[in-house]
Amino acid sequence: QLQLVESGGGLVQSGGSLRLSCTASEDLYYFDIGWFRQVPGKEREAVSCISHDGNEIDSAASVKDRFTISRDNAKNTVYLQMNSLKPEDTAVYYCAAESRVTPGCPQDSIEYYYWGQGTQVTVSS
């Protein structure tokens, strides 16, 4: 059973940066990875995803110019570099994994089977 652990969350001032990590218990090579975020009382929102080979990336319009997803399969880790953070980025951030054979990476949370426990990101104004 694949296990995912997120880290790197915390409290940062508006305009600051954080790098989230999603580390897996086994080889991630065949898995597409997605980052999602959720605020209490709201639906989980797609942030960014990366295909298993790193060749295809998709990001939400609200973060496209500020957040960068990347992966290091040798370390079984996917990163989310978050720059120019805004208070509205405050949420619990989750990474998710799914083994797929189709091109691209899904932005719909229902497409992912494996999930981490989440890491809190708080951006103060």
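Going by the structure above, here's the rest.
Let me sum up the structure you'll find in this document. (Residues numbered from 1 in each chain as written. Predicted model: local features only at pLDDT ≥ 70, side-chain atom pairs only at ≥ 80, totals over all residues. Heavy atoms only, no water.)

Overview of the packing of aromatic side chains
Short version of the rule: Pairs were defined over the aromatic rings of Phe, Tyr and Trp, the Trp ring being its six-membered one, requiring ring centres within 6.5 Å. Orientation was assigned from the angle between planes: stacked under 30 degrees, edge-to-face over 60, tilted for the rest. Starting at the N terminus, helices and strands are each numbered in turn, a helix being any DSSP run of H or I of at least four residues and a strand any DSSP run of E of at least two. We call a residue buried when its accessible area falls under 20% of the maximum for its residue type, exposed when it is over 50%, and partly exposed in between, using a 1.4 Å probe and counting protein chains only.
Evaluation of the coordinates by the stated rule reveals seven aromatic pairs. Each ring, one from Phe36 and one from Tyr112, has its centre 5.4 Å from the other, and the planes form 75°; the classification is edge-to-face. Of this pair, Phe36 sits in strand β4 (residues 31-38) while Tyr112 sits in the loop between β9 (91-99) and β10 (114-115); the two residues are 76 residues apart in sequence, bridging distant segments of the chain. With respect to class, Phe36 is no different from Tyr112; both count as buried.

Remarks on the nonpolar core
Using the following cut-off: We define a nonpolar core as any set of buried Ala, Val, Leu, Ile, Met, Phe, Trp, Tyr and Cys residues linked to one another through side-chain atoms lying within 4.5 Å. By the convention used here, residues are in contact when the closest approach between their heavy atoms is within 4.5 Å.
In this structure, Leu4, Trp35, Leu80, Met82 and Tyr93 are the most contacted members of the largest nonpolar core, which totals 28 residues. If you list the elements that add at least two residues to this core, you get β3 (18-24), β4, β5 (45-50), β7 (67-72), β8 (77-82), β9 and β11 (119-124). For Tyr93, the residues in contact, after removing those within four places along its chain, are Glu6, Leu20, Trp35, Phe36, Arg37, Val47, Phe67, Leu80, Met82, Gly118, Thr119 and Val121. Of all hydrophobic cores here, the second largest spans six residues; its members include Ala46, Ala96, Cys105 and Tyr112.

Focus on the pairing of β3
We count it as follows: Strands are treated as partners if at least two bridges between them are detected by DSSP.
Of all the seven residues making up β3, five are buried; the element is thus mostly covered by neighbouring parts of the structure. Judged from the four bridges that link them, strand β1 (residues 4-7) and β3 form a sheet pairing that is antiparallel. When the sheet's bridge partners are listed, Glu6 is paired in β3 with Cys22.

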